[in-house]
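What follows is the residue order along each chain.
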Amino acid sequence: MTKISESEFGRICAGLSDDRISIYKHNPIGTEEETLHWMLLSCLISYLSVPENEMPCFTGVPDVETYRQAILFILHNRKEGGFDARVYLDKLSRNDY
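So, here is what we can say about the structure in this document. These numbers come from a predicted model, not from an experiment.

### Some thoughts on helix H4 (residues 64-75)
Along its 12 residues, H4 runs 16 Å from first to last C-alpha, staying within 8% of the 16 Å computed at 1.5 Å per residue. Every buried residue of H4 is listed here: Tyr 67, Arg 68, Ala 70, Ile 71, Ile 74 and Leu 75. The buried residues of H4 occupy an angular sector of 165° when projected down its axis, which confines them to one face. The secondary structure elements touched by the buried residues of H4 are helix H1 (6-18), helix H3 (32-47) and helix H5 (85-94). With a side-chain oxygen lying 3.2 Å from the backbone nitrogen of Glu 65, the N-terminal cap of H4 falls on Asp 63. At the exit of H4 stands Asn 77, carrying a positive phi of roughly 65°.

### Structural notes on the packing of H4 against H5
Running from N to C, H4 and H5 point in directions that differ by 150°, and their axes come no closer than 11 Å. Taken together, the axes of H4 and H5 are roughly antiparallel relative to one another. Between H4 and H5 lies a crossing of right-handed hand. Every residue of H5 that contacts H4 at Arg 68, Ile 71, Leu 72 and Leu 75 is listed here: Ala 85, Arg 86, Leu 89 and Asp 90. Of the residues assigned to the contact of H4 with H5, the class counts are five nonpolar, no polar and three charged.

Conventions we followed
Sequence order sets the numbering: in each chain, residues are counted from 1 along the sequence as written. In keeping with the model being predicted, local features are shown solely for residues with a pLDDT of at least 70 and side-chain atom pairs are shown and tallied solely at 80 or more, while totals for entire chains, interfaces and linings include all residues. Hydrogen atoms and water are omitted, and side-chain values are computed over all heavy atoms in the structure. A helix here means a DSSP run of H or I that spans at least four residues, while a strand means a run of E at least two residues long, and both kinds are numbered starting from the N terminus. The span you would expect from a helix comes to 1.5 Å times its residue count less one. A simple rule labels every residue: compare its accessible area, found with a 1.4 Å probe on the protein chains alone, to the largest value its type can have, and call it buried under 20%, exposed over 50%, or partly exposed in between. Arc definition: it is the arc formed by the directions from the helix axis to the C-beta atoms. In this analysis, two residues are considered to be in contact whenever any of their non-hydrogen atoms come within 4.5 Å of each other. As used in this structure description, the phrase polar contact means that two N or O atoms lie within 3.5 Å; if the pair is within protein, one of them must be able to donate a hydrogen and the other to accept it, and residues adjacent in sequence are counted only when both atoms belong to side chains. Between N-to-C directions, angles cover 0 to 180 degrees, with each direction set by a line fitted to C-alpha atoms, over the stretch in contact for helices. When an angle is under 35 degrees it counts as roughly parallel; over 145 it counts as roughly antiparallel; between 65 and 115 it counts as roughly perpendicular; any other value is oblique. Each crossing is labelled by how the near helix is turned from the far one, with a counterclockwise turn of less than a right angle marking it left-handed and a clockwise turn marking it right-handed. Amino acids are sorted into nonpolar (Ala, Val, Leu, Ile, Met, Phe, Trp, Tyr, Cys and Pro), charged (Asp, Glu, Lys and Arg) and polar (every other residue, Gly among them).

Structure representation (structure tokens):
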């Protein structure tokens, strides 16, 4: 199972934050916050080579909390050092990079 370090996770979040205007402009699926979390989830699925049978499924229309929970689900047992990903998700939501 591929794992992610805290520094790499932070780097991905910061990169998404830096590109937030372009990401939202080309993928306006919801609010800016929802779009960034959706993009982060997509990046993590690819980066961590998450198999199809371990991908989160959504019912209804996902919102930022749905994406947040899916990200935390994907990261469960895939974090090196057991860092708290919620800190980075909060920073991404606040555009605090």
